[in-house]
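One letter stands for each residue in the lines below.
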Amino acid sequence: MQNMKDIGVAVIGAGFIGPVHVEALRRVGVTLVGILGVDEAESTRAAAALGLPRAYRNLDEALRDPQAQAIHITTPNRFHFALSRQALRAGKHVICEKPLAMNTRETAELVKLARASRQVFAVNYNVRFYPAVLQLRRMAARGDLGEIIHVNGSYFQDWLFKDTDYNWRLLPGEGGRLRAVADIGTHWMDTVSFILGARITDVFADLATWHQTRKRPLGEVKTFARASRAVRYAPYRVRTEDFAHVLLRFGNGARGSMAVSQVAAGRKNCIRLEIYGSKKSAWWRSEEPETLWFGNRDGANEVAVRGTPAFGPEVAPFLDYPAGHVEGFPDTFKMLFRAVYQTIRAGGKGERLFASAADGHQEVAVCEAILKSHRARAWKKVALL
Ligand SMILES: NC(=O)c1ccc[n+]([C@@H]2O[C@H](COP(=O)([O-])OP(=O)(O)OC[C@H]3O[C@@H](n4cnc5c(N)ncnc54)[C@H](O)[C@@H]3O)[C@@H](O)[C@H]2O)c1
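Residues numbered from 1 in each chain as written. Predicted model: local features only at pLDDT ≥ 70, side-chain atom pairs only at ≥ 80, totals over all residues. Heavy atoms only, no water.

Caption draft 1: Here's a closer look at the packing of aromatic side chains. One pass over the structure, following the stated rule, counts 6 aromatic pairs. Pairing Tyr130 with Trp284 gives two aromatic rings, centres 5.0 Å apart and planes at 55 degrees, and the pair type is tilted. One end of the pair, Tyr130, is in the loop between β6 (121-123) and α6 (131-142); the other, Trp284, is in strand β14 (residues 281-285), with 154 residues separating them in the sequence. When sorted by exposure, Tyr130 lands in the same class as Trp284, which is buried. Taking the centre distance of 6.0 Å and the plane angle of 90 degrees together, the rings of Phe333 and Phe337 count as edge-to-face. In this pair, Phe333 and Phe337 both sit in helix α9 (residues 329-345), 4 residues apart, roughly one turn of the helix. Residue classification places Phe333 among the buried residues on the basis of a relative accessible area of 1%. These aromatic residues form a ring-pair network of at least three members: Phe329, Phe333 and Phe337. If you follow Arg249 out to its NZ or CZ, it ends over the ring of Trp379, 4.1 Å from the centre. (Phe/Tyr/Trp six-rings, centres within 6.5 Å; stacked < 30°, edge-to-face > 60°. Helix = DSSP H or I, 4+ residues; strand = E, 2+ residues; numbered from the N terminus. Buried < 20%, exposed > 50% of the residue type's maximum accessible area, 1.4 Å probe, protein only. Lys NZ or Arg CZ within 6 Å of the ring centre and 35° of its normal.)

Written out as C-alpha coordinates, the structure is:
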(Lines give C-alpha, C1' and ligand atoms only; values in the text may rest on other atoms or scores of the structure.)
Protein backbone atom coordinates (compact mmCIF):
# COMPACT_ATOMS: atom_id res chain seq x y z
CA MET A 1 0.00 0.00 0.00
CA GLN A 2 1.25 3.48 -0.91
CA ASN A 3 2.38 5.71 1.99
CA MET A 4 0.42 8.94 2.54
CA LYS A 5 3.52 11.01 1.81
CA ASP A 6 3.93 9.30 -1.57
CA ILE A 7 0.59 10.65 -2.77
CA GLY A 8 1.04 14.00 -4.54
CA VAL A 9 -1.82 16.50 -4.40
CA ALA A 10 -2.52 19.74 -6.27
CA VAL A 11 -5.08 22.38 -5.29
CA ILE A 12 -7.06 24.55 -7.72
CA GLY A 13 -8.41 27.78 -6.24
CA ALA A 14 -6.65 29.98 -3.71
CA GLY A 15 -9.37 32.05 -2.04
CA PHE A 16 -11.07 31.34 1.30
CA ILE A 17 -11.36 27.54 1.21
CA GLY A 18 -8.32 26.57 -0.93
CA PRO A 19 -5.89 27.35 1.93
CA VAL A 20 -8.18 25.42 4.32
CA HIS A 21 -7.67 22.38 2.06
CA VAL A 22 -3.91 22.96 2.02
CA GLU A 23 -3.72 23.11 5.81
CA ALA A 24 -5.85 19.98 6.27
CA LEU A 25 -3.88 18.07 3.62
CA ARG A 26 -0.67 18.85 5.49
CA ARG A 27 -2.19 17.39 8.63
CA VAL A 28 -3.19 14.25 6.70
CA GLY A 29 0.41 13.76 5.57
CA VAL A 30 0.08 13.67 1.77
CA THR A 31 2.56 15.70 -0.28
CA LEU A 32 1.36 19.02 -1.67
CA VAL A 33 2.89 19.54 -5.08
CA GLY A 34 1.36 22.78 -6.36
CA ILE A 35 -1.47 25.28 -6.59
CA LEU A 36 -3.36 26.97 -9.42
CA GLY A 37 -5.11 30.30 -8.98
CA VAL A 38 -7.28 32.24 -11.40
CA ASP A 39 -4.13 33.53 -13.11
CA GLU A 40 -0.36 33.21 -12.90
CA ALA A 41 -0.06 36.07 -10.40
CA GLU A 42 -2.52 34.44 -7.99
CA SER A 43 -0.80 31.05 -8.35
CA THR A 44 2.57 32.63 -7.55
CA ARG A 45 1.22 34.60 -4.58
CA ALA A 46 -0.59 31.55 -3.17
CA ALA A 47 2.37 29.18 -3.62
CA ALA A 48 4.64 31.64 -1.80
CA ALA A 49 2.14 32.34 1.01
CA LEU A 50 1.38 28.65 1.57
CA GLY A 51 4.92 27.38 1.02
CA LEU A 52 4.04 25.14 -1.93
CA PRO A 53 6.70 23.97 -4.40
CA ARG A 54 4.89 24.80 -7.65
CA ALA A 55 2.74 27.69 -8.89
CA TYR A 56 1.00 26.35 -12.00
CA ARG A 57 0.68 28.81 -14.86
CA ASN A 58 -2.47 27.18 -16.22
CA LEU A 59 -4.77 24.18 -15.87
CA ASP A 60 -2.94 22.16 -18.46
CA GLU A 61 0.27 22.43 -16.46
CA ALA A 62 -1.50 21.26 -13.30
CA LEU A 63 -3.20 18.31 -15.00
CA ARG A 64 0.02 17.26 -16.73
CA ASP A 65 2.01 17.28 -13.50
CA PRO A 66 2.86 13.57 -13.03
CA GLN A 67 3.44 14.22 -9.32
CA ALA A 68 -0.18 15.26 -8.81
CA GLN A 69 -2.25 12.12 -8.37
CA ALA A 70 -5.19 13.97 -6.85
CA ILE A 71 -6.73 17.37 -7.54
CA HIS A 72 -8.73 19.46 -5.07
CA ILE A 73 -11.18 21.86 -6.74
CA THR A 74 -11.88 24.94 -4.59
CA THR A 75 -12.97 27.49 -7.21
CA PRO A 76 -16.37 29.19 -7.48
CA ASN A 77 -19.18 26.74 -8.40
CA ARG A 78 -19.27 27.73 -12.08
CA PHE A 79 -15.95 25.98 -12.73
CA HIS A 80 -16.55 22.75 -10.78
CA PHE A 81 -17.98 20.77 -13.70
CA ALA A 82 -15.34 21.49 -16.34
CA LEU A 83 -12.47 21.17 -13.85
CA SER A 84 -13.79 17.88 -12.41
CA ARG A 85 -14.35 16.46 -15.88
CA GLN A 86 -10.89 17.42 -17.08
CA ALA A 87 -9.22 16.13 -13.93
CA LEU A 88 -11.03 12.78 -14.19
CA ARG A 89 -10.10 12.51 -17.86
CA ALA A 90 -6.49 13.22 -16.92
CA GLY A 91 -6.62 10.21 -14.59
CA LYS A 92 -6.59 12.19 -11.33
CA HIS A 93 -8.51 11.45 -8.15
CA VAL A 94 -10.87 14.39 -7.55
CA ILE A 95 -12.02 16.11 -4.39
CA CYS A 96 -14.47 18.79 -5.47
CA GLU A 97 -16.04 21.50 -3.35
CA LYS A 98 -19.81 21.65 -3.01
CA PRO A 99 -22.22 22.13 -4.67
CA LEU A 100 -20.88 19.64 -7.21
CA ALA A 101 -21.90 21.71 -10.26
CA MET A 102 -24.43 24.24 -11.58
CA ASN A 103 -27.22 21.83 -12.64
CA THR A 104 -28.12 18.13 -12.84
CA ARG A 105 -27.12 17.87 -16.50
CA GLU A 106 -23.56 18.58 -15.36
CA THR A 107 -23.71 16.51 -12.18
CA ALA A 108 -25.21 13.48 -13.98
CA GLU A 109 -22.32 13.54 -16.43
CA LEU A 110 -19.83 13.67 -13.57
CA VAL A 111 -21.54 10.70 -11.91
CA LYS A 112 -21.15 8.71 -15.14
CA LEU A 113 -17.53 9.73 -15.62
CA ALA A 114 -16.61 9.04 -11.99
CA ARG A 115 -18.26 5.60 -12.09
CA ALA A 116 -16.50 4.70 -15.32
CA SER A 117 -13.11 5.81 -13.98
CA ARG A 118 -10.79 3.95 -11.61
CA GLN A 119 -10.24 7.05 -9.55
CA VAL A 120 -11.81 8.14 -6.27
CA PHE A 121 -14.24 11.07 -6.54
CA ALA A 122 -15.38 12.96 -3.44
CA VAL A 123 -17.57 16.00 -2.86
CA ASN A 124 -16.48 18.09 0.11
CA TYR A 125 -19.54 17.84 2.36
CA ASN A 126 -17.30 18.19 5.40
CA VAL A 127 -20.06 18.48 8.03
CA ARG A 128 -20.40 14.68 7.82
CA PHE A 129 -17.05 14.44 9.60
CA TYR A 130 -17.93 16.11 12.88
CA PRO A 131 -17.65 13.24 15.39
CA ALA A 132 -21.12 14.16 16.72
CA VAL A 133 -22.61 13.74 13.24
CA LEU A 134 -20.87 10.38 12.75
CA GLN A 135 -22.14 9.32 16.18
CA LEU A 136 -25.71 10.32 15.28
CA ARG A 137 -25.43 8.31 12.08
CA ARG A 138 -24.37 5.20 14.01
CA MET A 139 -27.18 5.71 16.51
CA ALA A 140 -29.81 6.16 13.80
CA ALA A 141 -28.58 3.01 11.99
CA ARG A 142 -28.68 0.99 15.23
CA GLY A 143 -32.20 2.19 15.98
CA ASP A 144 -31.16 3.98 19.21
CA LEU A 145 -33.45 6.88 18.37
CA GLY A 146 -36.29 4.58 17.28
CA GLU A 147 -38.23 5.26 14.12
CA ILE A 148 -37.46 8.78 12.88
CA ILE A 149 -40.63 10.87 13.13
CA HIS A 150 -39.38 14.26 12.00
CA VAL A 151 -36.23 16.34 11.59
CA ASN A 152 -35.94 20.07 12.01
CA GLY A 153 -33.12 22.55 11.74
CA SER A 154 -31.39 25.44 10.11
CA TYR A 155 -28.19 26.79 8.66
CA PHE A 156 -27.82 30.49 9.43
CA GLN A 157 -25.08 33.03 8.62
CA ASP A 158 -24.87 36.83 8.64
CA TRP A 159 -22.01 37.63 6.27
CA LEU A 160 -24.43 38.82 3.52
CA PHE A 161 -26.62 40.76 6.02
CA LYS A 162 -25.90 44.24 4.59
CA ASP A 163 -26.77 45.38 1.10
CA THR A 164 -23.10 46.29 0.64
CA ASP A 165 -21.90 42.76 1.45
CA TYR A 166 -20.74 41.26 -1.83
CA ASN A 167 -19.52 37.92 -3.15
CA TRP A 168 -19.65 35.97 -6.44
CA ARG A 169 -22.26 33.69 -4.80
CA LEU A 170 -24.80 36.51 -5.27
CA LEU A 171 -24.60 36.13 -9.04
CA PRO A 172 -26.57 33.20 -10.57
CA GLY A 173 -23.98 32.91 -13.35
CA GLU A 174 -21.21 32.26 -10.80
CA GLY A 175 -22.91 30.36 -8.00
CA GLY A 176 -26.08 28.94 -9.55
CA ARG A 177 -29.77 29.87 -9.60
CA LEU A 178 -30.10 29.12 -5.89
CA ARG A 179 -27.77 30.73 -3.37
CA ALA A 180 -28.50 30.20 0.35
CA VAL A 181 -30.07 26.80 -0.35
CA ALA A 182 -27.27 25.60 -2.64
CA ASP A 183 -24.40 27.13 -0.66
CA ILE A 184 -25.35 26.18 2.90
CA GLY A 185 -28.72 24.39 2.66
CA THR A 186 -27.12 21.50 0.77
CA HIS A 187 -24.69 21.04 3.69
CA TRP A 188 -27.68 20.65 6.04
CA MET A 189 -29.58 18.34 3.69
CA ASP A 190 -26.53 16.20 2.94
CA THR A 191 -25.77 15.90 6.66
CA VAL A 192 -29.31 14.88 7.58
CA SER A 193 -29.58 12.38 4.69
CA PHE A 194 -26.20 10.97 5.79
CA ILE A 195 -27.38 10.58 9.40
CA LEU A 196 -30.72 9.03 8.48
CA GLY A 197 -29.39 6.93 5.60
CA ALA A 198 -32.33 8.24 3.57
CA ARG A 199 -32.54 10.60 0.61
CA ILE A 200 -34.92 13.54 0.28
CA THR A 201 -37.71 12.57 -2.12
CA ASP A 202 -40.16 15.54 -2.04
CA VAL A 203 -39.92 19.24 -1.19
CA PHE A 204 -42.15 22.26 -0.63
CA ALA A 205 -40.21 25.52 -0.64
CA ASP A 206 -40.60 29.22 0.02
CA LEU A 207 -37.59 31.31 -1.07
CA ALA A 208 -37.18 34.98 -0.25
CA THR A 209 -34.86 37.85 -1.04
CA TRP A 210 -34.55 40.51 1.68
CA HIS A 211 -32.29 42.84 -0.33
CA GLN A 212 -33.97 43.09 -3.73
CA THR A 213 -31.20 45.47 -4.75
CA ARG A 214 -27.65 45.31 -3.46
CA LYS A 215 -24.59 47.48 -4.02
CA ARG A 216 -21.56 45.90 -5.62
CA PRO A 217 -18.22 47.32 -4.52
CA LEU A 218 -16.12 48.23 -7.53
CA GLY A 219 -13.06 45.93 -7.52
CA GLU A 220 -12.46 42.38 -6.20
CA VAL A 221 -13.88 41.19 -2.87
CA LYS A 222 -12.77 38.07 -1.01
CA THR A 223 -15.20 35.66 0.66
CA PHE A 224 -16.07 36.76 4.24
CA ALA A 225 -14.13 40.01 3.71
CA ARG A 226 -15.50 43.24 5.17
CA ALA A 227 -15.03 46.67 3.64
CA SER A 228 -12.45 48.50 5.75
CA ARG A 229 -12.20 51.79 3.87
CA ALA A 230 -14.37 53.97 1.69
CA VAL A 231 -15.42 52.07 -1.45
CA ARG A 232 -17.49 53.00 -4.47
CA TYR A 233 -20.54 50.88 -5.25
CA ALA A 234 -22.69 50.02 -8.27
CA PRO A 235 -26.29 48.93 -7.54
CA TYR A 236 -27.56 45.64 -9.00
CA ARG A 237 -30.77 43.61 -8.84
CA VAL A 238 -30.52 40.43 -6.74
CA ARG A 239 -31.84 37.26 -8.38
CA THR A 240 -30.95 34.70 -5.72
CA GLU A 241 -32.54 34.05 -2.30
CA ASP A 242 -31.22 35.51 0.96
CA PHE A 243 -33.25 33.01 3.01
CA ALA A 244 -35.58 30.05 2.56
CA HIS A 245 -37.93 27.66 4.36
CA VAL A 246 -38.28 24.16 2.98
CA LEU A 247 -40.53 21.24 3.99
CA LEU A 248 -39.00 17.85 3.23
CA ARG A 249 -40.01 14.23 2.92
CA PHE A 250 -37.39 11.51 3.23
CA GLY A 251 -37.31 8.08 1.62
CA ASN A 252 -37.68 6.41 5.06
CA GLY A 253 -41.00 8.18 5.72
CA ALA A 254 -39.55 10.89 7.98
CA ARG A 255 -40.73 14.50 7.51
CA GLY A 256 -38.47 17.49 7.88
CA SER A 257 -38.21 21.25 7.82
CA MET A 258 -35.13 23.32 7.10
CA ALA A 259 -34.58 27.07 7.33
CA VAL A 260 -31.54 28.72 5.75
CA SER A 261 -30.46 32.33 5.88
CA GLN A 262 -27.46 34.47 5.00
CA VAL A 263 -29.06 37.56 6.57
CA ALA A 264 -29.42 36.31 10.19
CA ALA A 265 -27.56 38.93 12.26
CA GLY A 266 -25.30 37.38 14.86
CA ARG A 267 -25.40 33.86 13.45
CA LYS A 268 -21.91 33.56 11.97
CA ASN A 269 -21.96 29.98 10.72
CA CYS A 270 -24.51 27.93 12.62
CA ILE A 271 -25.80 24.60 11.43
CA ARG A 272 -28.40 23.15 13.80
CA LEU A 273 -30.30 19.89 13.60
CA GLU A 274 -32.89 18.19 15.74
CA ILE A 275 -33.95 14.61 15.11
CA TYR A 276 -37.13 13.40 16.75
CA GLY A 277 -37.37 9.62 17.02
CA SER A 278 -39.96 7.26 18.54
CA LYS A 279 -37.51 6.40 21.37
CA LYS A 280 -35.72 9.71 21.96
CA SER A 281 -34.67 12.97 20.35
CA ALA A 282 -31.16 14.16 19.45
CA TRP A 283 -30.00 17.77 19.03
CA TRP A 284 -26.71 19.19 17.73
CA ARG A 285 -25.32 22.59 16.75
CA SER A 286 -22.02 23.19 14.91
CA GLU A 287 -21.19 26.22 17.06
CA GLU A 288 -20.92 23.83 20.04
CA PRO A 289 -19.61 20.82 18.11
CA GLU A 290 -18.42 18.70 21.03
CA THR A 291 -21.84 18.16 22.58
CA LEU A 292 -24.83 16.01 21.69
CA TRP A 293 -28.10 16.47 23.55
CA PHE A 294 -30.69 13.72 23.88
CA GLY A 295 -34.29 14.34 24.85
CA ASN A 296 -36.42 11.81 26.72
CA ARG A 297 -40.13 11.94 27.37
CA ASP A 298 -39.75 10.15 30.73
CA GLY A 299 -36.61 10.59 32.80
CA ALA A 300 -33.91 13.20 32.49
CA ASN A 301 -32.54 14.52 29.24
CA GLU A 302 -28.91 13.61 28.52
CA VAL A 303 -25.75 15.40 27.42
CA ALA A 304 -22.96 13.48 25.69
CA VAL A 305 -19.48 14.96 25.25
CA ARG A 306 -17.11 14.02 22.42
CA GLY A 307 -14.18 11.91 23.54
CA THR A 308 -15.97 10.41 26.57
CA PRO A 309 -17.59 6.95 26.79
CA ALA A 310 -20.91 8.67 26.05
CA PHE A 311 -19.71 8.78 22.44
CA GLY A 312 -19.52 5.24 21.12
CA PRO A 313 -16.28 3.48 20.16
CA GLU A 314 -17.24 3.52 16.45
CA VAL A 315 -16.33 7.19 16.09
CA ALA A 316 -12.97 6.81 17.86
CA PRO A 317 -11.02 6.75 14.55
CA PHE A 318 -12.42 10.21 13.82
CA LEU A 319 -11.06 11.85 17.00
CA ASP A 320 -7.45 13.00 17.24
CA TYR A 321 -7.76 14.95 20.50
CA PRO A 322 -9.13 13.95 23.90
CA ALA A 323 -12.34 15.33 25.42
CA GLY A 324 -12.22 19.02 26.21
CA HIS A 325 -9.77 19.77 23.37
CA VAL A 326 -12.29 21.08 20.90
CA GLU A 327 -12.28 19.68 17.38
CA GLY A 328 -14.18 21.84 14.91
CA PHE A 329 -14.46 23.08 11.32
CA PRO A 330 -10.82 22.58 10.16
CA ASP A 331 -10.74 19.11 11.73
CA THR A 332 -13.70 17.98 9.61
CA PHE A 333 -11.64 18.70 6.49
CA LYS A 334 -8.73 16.70 7.88
CA MET A 335 -10.97 13.73 8.73
CA LEU A 336 -12.71 13.82 5.34
CA PHE A 337 -9.42 14.00 3.43
CA ARG A 338 -7.90 11.27 5.60
CA ALA A 339 -10.87 9.04 4.69
CA VAL A 340 -10.45 9.88 0.99
CA TYR A 341 -6.71 9.17 0.96
CA GLN A 342 -7.14 5.96 2.95
CA THR A 343 -9.59 4.83 0.25
CA ILE A 344 -7.06 5.79 -2.43
CA ARG A 345 -4.33 3.86 -0.61
CA ALA A 346 -6.68 0.85 -0.35
CA GLY A 347 -7.24 0.89 -4.10
CA GLY A 348 -10.82 2.13 -3.74
CA LYS A 349 -11.86 -0.59 -1.27
CA GLY A 350 -13.65 -0.13 2.05
CA GLU A 351 -16.61 1.81 3.43
CA ARG A 352 -16.91 5.32 1.99
CA LEU A 353 -18.26 7.85 4.44
CA PHE A 354 -17.43 10.86 2.26
CA ALA A 355 -19.94 12.15 -0.29
CA SER A 356 -19.70 10.58 -3.76
CA ALA A 357 -20.48 12.17 -7.11
CA ALA A 358 -23.95 10.59 -6.82
CA ASP A 359 -24.45 12.29 -3.43
CA GLY A 360 -23.31 15.58 -5.01
CA HIS A 361 -25.78 15.03 -7.84
CA GLN A 362 -28.59 14.32 -5.35
CA GLU A 363 -28.07 17.69 -3.62
CA VAL A 364 -28.23 19.57 -6.93
CA ALA A 365 -31.37 17.58 -7.86
CA VAL A 366 -32.96 18.63 -4.55
CA CYS A 367 -32.02 22.26 -5.31
CA GLU A 368 -33.75 22.03 -8.69
CA ALA A 369 -36.88 20.56 -7.08
CA ILE A 370 -36.81 23.35 -4.47
CA LEU A 371 -36.72 26.04 -7.15
CA LYS A 372 -39.59 24.36 -9.05
CA SER A 373 -41.62 24.05 -5.86
CA HIS A 374 -41.09 27.71 -4.97
CA ARG A 375 -42.21 28.82 -8.43
CA ALA A 376 -45.23 26.48 -8.57
CA ARG A 377 -46.14 26.93 -4.86
CA ALA A 378 -46.57 23.17 -4.73
CA TRP A 379 -44.87 19.98 -3.56
CA LYS A 380 -42.29 18.72 -6.08
CA LYS A 381 -40.59 15.35 -6.40
CA VAL A 382 -36.81 15.15 -6.51
CA ALA A 383 -35.71 13.52 -9.76
CA LEU A 384 -33.64 10.54 -8.62
CA LEU A 385 -30.72 9.21 -10.68
N1 LIG B 1 -17.07 22.91 2.44
C2 LIG B 1 -17.14 24.11 2.98
O3 LIG B 1 -17.34 24.28 4.16
C4 LIG B 1 -16.93 25.32 2.08
C5 LIG B 1 -16.70 26.57 2.65
C6 LIG B 1 -16.49 27.66 1.80
C7 LIG B 1 -16.54 27.49 0.43
N8 LIG B 1 -16.80 26.26 -0.08
C9 LIG B 1 -16.88 26.07 -1.55
O10 LIG B 1 -15.58 26.32 -2.08
C11 LIG B 1 -15.67 26.98 -3.34
C12 LIG B 1 -14.85 28.26 -3.30
O13 LIG B 1 -15.39 29.12 -2.32
P14 LIG B 1 -14.49 30.26 -1.63
O15 LIG B 1 -15.33 30.81 -0.54
O16 LIG B 1 -13.14 29.76 -1.32
O17 LIG B 1 -14.41 31.31 -2.82
P18 LIG B 1 -13.30 32.44 -3.04
O19 LIG B 1 -13.87 33.41 -3.99
O20 LIG B 1 -12.80 32.92 -1.71
O21 LIG B 1 -12.09 31.65 -3.74
C22 LIG B 1 -12.17 31.11 -5.03
C23 LIG B 1 -10.75 31.01 -5.58
O24 LIG B 1 -10.78 30.38 -6.86
C25 LIG B 1 -9.98 31.17 -7.78
N26 LIG B 1 -10.46 30.88 -9.12
C27 LIG B 1 -11.55 31.36 -9.75
N28 LIG B 1 -11.65 30.79 -10.98
C29 LIG B 1 -10.62 29.95 -11.12
C30 LIG B 1 -10.19 29.07 -12.15
N31 LIG B 1 -10.87 28.96 -13.29
N32 LIG B 1 -9.05 28.35 -11.97
C33 LIG B 1 -8.35 28.45 -10.82
N34 LIG B 1 -8.73 29.26 -9.79
C35 LIG B 1 -9.84 29.99 -9.95
C36 LIG B 1 -10.19 32.59 -7.30
O37 LIG B 1 -9.26 33.47 -7.82
C38 LIG B 1 -10.06 32.37 -5.80
O39 LIG B 1 -8.72 32.21 -5.43
C40 LIG B 1 -17.16 27.18 -3.60
O41 LIG B 1 -17.64 26.17 -4.44
C42 LIG B 1 -17.81 27.06 -2.24
O43 LIG B 1 -19.13 26.57 -2.28
C44 LIG B 1 -17.00 25.19 0.71
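Alright, that's what it looks like, and here's the rest.
Caption draft 2: Just the pairing of strand β15 (residues 291-295), in detail. Burial within β15 is extensive, with 4 of its 5 residues counted as buried. Pairing geometry for β14 and β15, over 3 bridges, is antiparallel. Counterpart to Trp283 in the pairing with β15 is Trp293. Taking the residues that link successive antiparallel strands as the turn, the β14-β15 hairpin has 5 residues. Pairing of β15 with strand β16 (residues 302-305), which is carried by 4 bridges, proceeds in the antiparallel orientation. (Pairing = 2+ DSSP bridges.)

Caption draft 3: Region of the structure containing the side chain of His80. Examined against the element boundaries, His80 turns out to sit in helix α4 (residues 80-89). One polar contact links the side chain of His80 to the main-chain carbonyl oxygen of Thr75, over a distance of 2.8 Å. Not counting residues within four places of it along the chain, the set of residues in contact with His80 comprises Ile73, Thr75, Cys96, Glu97, Lys98, Pro99, Leu100 and Ala101. (Polar contact = N/O pair within 3.5 Å; in protein donor to acceptor, adjacent residues only side chain to side chain. Contact = heavy atoms within 4.5 Å.)

Caption draft 4: Seen up close, the sheet that holds β6. Strand order in the open sheet formed by 6 strands is β3-β2-β1-β4-β5-β6, with parallel pairing between adjacent strands. At either end of the open sheet lies a strand with only one pairing partner, and these are β3 (54-55) and β6. Note: strand β1 (residues 8-12) against strand β4 (residues 70-73), 4 bridges, orientation parallel. Paired with Ile12 across the strands is Ile73, a residue of β4. Sitting on the sheet, α9 is in contact with β1, β4, β5 (93-96) and β6, with an inclination near 165 degrees to β5. (Axes fitted to C-alpha atoms, helices over the stretch in contact; angles between N-to-C directions.)

Caption draft 5: The domain arrangement of the protein chain, seen in detail. Taken domain by domain, the protein chain holds domain 1 (4-126) and domain 2 (129-325 + 362-376). Facing 17 residues of domain 1, the contacting portion of domain 2 comprises 21 residues. Between domain 1 and domain 2, the buried area comes to about 1,600 Å², and carbon and sulfur atoms account for 55% of it. Considering only the side of domain 1, the residues that lose the most area to domain 2 are Phe16, Tyr125 and Asn126, jointly responsible for 35% of the buried surface there. Across the contact surface, domain 1 and domain 2 share 2 salt bridges. The partner of Glu174 in a salt bridge is Arg78, with the nearest N and O atoms 3.2 Å apart. Applying the counting criterion to the domain 1 and domain 2 interface returns 6 residue pairs in polar contact (both at pLDDT 80 or more). (Domains from an automatic or database assignment. Buried area = accessible area lost by both parts, 1.4 Å probe. Salt bridge = Lys/Arg side-chain N within 4 Å of Asp/Glu carboxyl O.)

Caption draft 6: Fine view of the sheet that holds strand β17 (residues 380-381). Read from one edge of the open sheet, 9 strands run β16-β15-β14-β13-β7-β12-β11-β8-β17, paired in mixed fashion. What marks the edges here is a single partner per strand, and that holds for β16 and β17. Here strand β7 (residues 148-156) pairs with strand β12 (residues 255-261) via 7 bridges, running parallel. Residue pairing in the sheet places Val151 in a bridge with Gly256 of β12. Its contacts with the sheet place α6 against β13 (270-277), β14 and β15, and it is angled at close to 35 degrees to β15. Most of the contacts of helix α8 (residues 180-196) go to β13, to which it runs at about 35 degrees, and overall it touches β7, β8 (200-208), β11 (243-250), β12 and β13.

Caption draft 7: Structural context of helix α2 (residues 40-50). If you check which residues of α2 are buried, you get Glu42, Ser43, Ala46, Ala47 and Leu50. Each buried residue of α2 lies within a common arc of 130 degrees when the element is viewed along its axis, so the set occupies one face. Set apart from the buried face of α2 by more than 90 degrees, the exposed residues are Arg45, Ala48 and Ala49. On the buried face of α2, the contacting elements are α1 (17-28), β2 (31-36) and β3. Downstream of α2 by a residue or two, Gly51 has a phi angle that is positive, lying close to 70 degrees. (Arc of directions from axis to C-beta.)

Caption draft 8: Just the environment of Ala87, in detail. Structurally, Ala87 can be placed in helix α4. The exposure class assigned to Ala87 is buried, which follows from its relative accessible area of 1%. Aside from chain neighbours lying at most four places away, what touches Ala87 is Leu63, Ile71, Lys92 and Val94.

Caption draft 9: Molecular detail of the packing of α6 against α8. Packing of α6 against α8 brings their axes to within 7 Å, and their N-to-C directions diverge by 40 degrees. It follows from the interaxial angle that α6 and α8 lie oblique. For the pair formed by α6 and α8, the contact residues are Val133, Leu134, Leu136, Arg137 and Ala140 on the first element and Thr191, Phe194 and Ile195 on the second. For the contact of α6 with α8, the residue count by class is 6 nonpolar, 1 polar and 1 charged. (Parallel < 35°, antiparallel > 145°, perpendicular 65-115°, else oblique. Nonpolar A, V, L, I, M, F, W, Y, C, P; charged D, E, K, R; others polar.)

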